[in-house]
Amino acid sequence: MRMGAPANAPAGLWTLVMRRLRADRVAMVSLAVVALFLAMLALSLMGAIGAGWEQEVAVTYAPPSFIGPDAVMEQGAGVARTAPPPNGFDPLAGDIAAIIEAQGAAITAPPPARLATLAFGADKWGHDVLLKTIKGGETSIVVGLAAALLAVFLGTLFGAFSGYFGGVVDDLFNWFYSVFTSIPSILMILAVAAVLQHKGVTTIVLILGLTGWTGPYRLIRAEYMKHKGREYVMAADAIGASHWRKMFSHIFPNISHVALVQLSILAVGFIKAEVILSFLGFGVPVGVVSWGSMLNEAQNELILGKWWQLTAAATAMALLVTAFSLFTDALRDALDPKLK
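Just so you know, these numbers come straight off a predicted model, no measurement behind them.

Caption draft 1: Spotlight on empty space enclosed by the protein. Taken as a whole, this structure holds one cavity of 30 Å³ or more when the rule is applied. By volume, the largest cavity amounts to about 30 Å³. If you trace the largest cavity, you find it lined by V34, F37, L38, I141, L145, L320 and F324. At the level of elements, helix 2 (25-45), helix 5 (129-165) and helix 13 (308-334) are the ones that each hand at least two residues to the lining of the largest cavity. Split into classes, the residues belonging to the lining of the largest cavity amount to seven nonpolar, no polar and no charged.

Following this line, the structure appears as structure tokens:
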């Protein structure tokens, strides 16, 4: 007779977590919003959407379609150049005629017509704000996730060694931790960015990851200090398991939920940090768009009454950050073993 699992066997940790998440409607809606942004990220990375954001398809500051065309915005860029001078004499007319005759009639071909309106408007260069928001989300989300992975990796590695070995190793890492936490995080980020003087996505990831490991380190260190004296670790030691195996094959699976929650929390914080860095001019270089660079451009546009780029970038960031934060709170509650 084949023996199966007992009918009253207790459910595993992740089974209980999924049950609690499915019972929380706010968590499921937040997860759907986050999944939508991640799908947008994947399509943008593949070039399926947002690829032509740098094309000048509309007139300067073309308004959104639901507002309608503006008479001031309909002025073509070539009208002023083709208008005759006030006195009726053009001193360059002969030279221009000679150039046209030498180069051929192609030089006189009119530029392609630009659209007067777009779905979410255009910036001062005529770039589609909707495509720009999608491409900017790619940069901001990649920076947030990559920097969070780096910070959690470093925090887990340092916390594991510090909490497991203790003694001099723990004192060394605690001194290192105290140095980083004695300086406000935003000032540390700005100081490192100013010293590097190099803009780029990789630089932002390194800045945020190398300065954001302190939170995961503190929590992981405490968990390792608590678990290293448990019976299952002593049993692994009795059978001759190495320190590395006990640290990452036996202890880490039992505290991985802490690292997972920290990953989601830091991703939200780093997305906002990238926006702040780009807004202050320490972020992405020229030619790369992000939500922060869009907000940086929008501050001048807002003075002129052109609010659509600011609204698009701020709304997209607010939706992602809010959904990510709500899902993180729900995940943290679902992983709490004290909650039934």
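Caption draft 2: Summary view of the packing of helix 12 (residues 291-303) against helix 13. With their axes 8 Å apart at the nearest point, helix 12 and helix 13 run at an angle of 145° to one another. In the crossing of helix 12 with helix 13, the sense of the turn from one axis to the other is left-handed. Together, W291, M294, L295, E297, A298, E301 and L302 of helix 12 and Q309, L310, A313, A314, A316, M317 and L320 of helix 13 make up the contact between the two elements. The residue inventory of the contact of helix 12 with helix 13, partitioned by class, reads eleven nonpolar, one polar and two charged.

Caption draft 3: Quick peek at helix 7 (residues 185-196). Along its twelve residues, helix 7 runs 17 Å from first to last C-alpha, staying within 8% of the 16 Å computed at 1.5 Å per residue. For helix 7, every residue scored as buried is listed here: M188, I189 and A193. Seen along its axis, helix 7 keeps its buried residues to an arc of 130°; they face one direction. Buried-residue contacts for helix 7 involve helix 6 (167-181), helix 8 (201-211) and helix 11 (243-280).

Caption draft 4: Representation of the side chain of E138 in the model. Residue placement: E138 occurs in helix 5. The class for E138 is buried, based on a relative accessible area of 13%. Side chain to side chain, E138 and S44 meet in a polar contact 2.4 Å long. When residues no more than four places from it in sequence are discounted, the contact partners of E138 are L41, S44 and L45.

Caption draft 5: Expanded view of the environment of K226. As for its placement among the helices and strands, K226 is situated in helix 9 (residues 214-227). Put simply, K226 and I251 are 25 residues apart on the chain and 10.0 Å apart in space, counted from C-alpha to C-alpha.

Caption draft 6: Examining the pattern of salt bridges more closely. On inspection of all chains with the given rule, the structure shows seven salt bridges. A salt bridge links D170 to R221, with the shortest nitrogen-to-oxygen separation between them at 2.7 Å. Of this pair, D170 sits in helix 6 while R221 sits in helix 9; the two residues are 51 residues apart in sequence, bridging distant segments of the chain. Of the two residues, D170 and R221, both sit in the buried class. D237 is the partner of K246 in a salt bridge, and the nearest nitrogen-oxygen pair spans 2.8 Å. By sharing partners, the salt bridges in this structure join D123, K132 and E297 into a single network.

Caption draft 7: Region of the structure containing the nonpolar core. L208, Y224, F270, W291 and L320 are the most contacted members of the largest nonpolar core, which has 52 residues in total. Elements supplying a minimum of two residues to this core: helix 2, helix 5, helix 7, helix 8, helix 9, helix 11, helix 12 and helix 13. The element best represented in this core is helix 11, accounting for 13 residues. Once residues lying within four places of it in the same chain are set aside, the contact partners of W291 are F37, T133, G136, G137, S140, I271, V275, A313, A316, M317 and L320.

Caption draft 8: View of helix 12. Across its 13 residues, helix 12 extends 19 Å between first and last C-alpha, which sits within 8% of the 18 Å expected from 1.5 Å per residue. In the structure, helix 12 departs most strongly from a straight axis at E297, where the bend amounts to approximately 30°. Within the span of helix 12, buried status applies to W291, G292, S293, M294, L295, A298 and E301. Its buried side turned inward, helix 12 meets helix 2, helix 5, helix 11 and helix 13. In the stretch just after helix 12, G305 is the one whose phi turns positive, near 85°.

Caption draft 9: Here's a closer look at unusual backbone geometry. Even without being glycine, Y61 reaches a positive phi, approximately 55°. Along the chain, Y61 turns up in the loop between helix 2 and helix 3 (79-82). Residue classification places Y61 among the buried residues on the basis of a relative accessible area of 14%.

Caption draft 10: Spatial organisation of the confidence of the model for the protein chain. Averaged over the protein chain, the pLDDT score is 81; the fraction of residues at 70 or greater is 82%. Note that residues 71-86 has pLDDT below 50 and, in this model, nine contacts with residues that lie over four places away or in other chains.

Reading the values: rules and limits
- Residues numbered from 1 in each chain as written.
- Predicted model: local features only at pLDDT ≥ 70, side-chain atom pairs only at ≥ 80, totals over all residues.
- Heavy atoms only, no water.
- 1 Å grid on protein atoms, 1.4 Å probe; cavity = no way out; pocket = protein on both sides within 12 Å on 5 of 7 lines; lining within 4 Å.
- Points joined across faces, edges and corners; volume = space filled by probe spheres on them.
- Helix = DSSP H or I, 4+ residues; strand = E, 2+ residues; numbered from the N terminus.
- Nonpolar A, V, L, I, M, F, W, Y, C, P; charged D, E, K, R; others polar.
- Axes fitted to C-alpha atoms, helices over the stretch in contact; angles between N-to-C directions.
- Left-handed = near helix turned anticlockwise from the far one by under 90°.
- Contact = heavy atoms within 4.5 Å.
- Expected span 1.5 Å × (residues − 1).
- Buried < 20%, exposed > 50% of the residue type's maximum accessible area, 1.4 Å probe, protein only.
- Arc of directions from axis to C-beta.
- Polar contact = N/O pair within 3.5 Å; in protein donor to acceptor, adjacent residues only side chain to side chain.
- Salt bridge = Lys/Arg side-chain N within 4 Å of Asp/Glu carboxyl O.
- Core = buried A, V, L, I, M, F, W, Y, C linked by side-chain atoms within 4.5 Å.
- Bend = angle between axes of the 7 residues up to and from the residue.
- pLDDT = per-residue confidence, 0-100.

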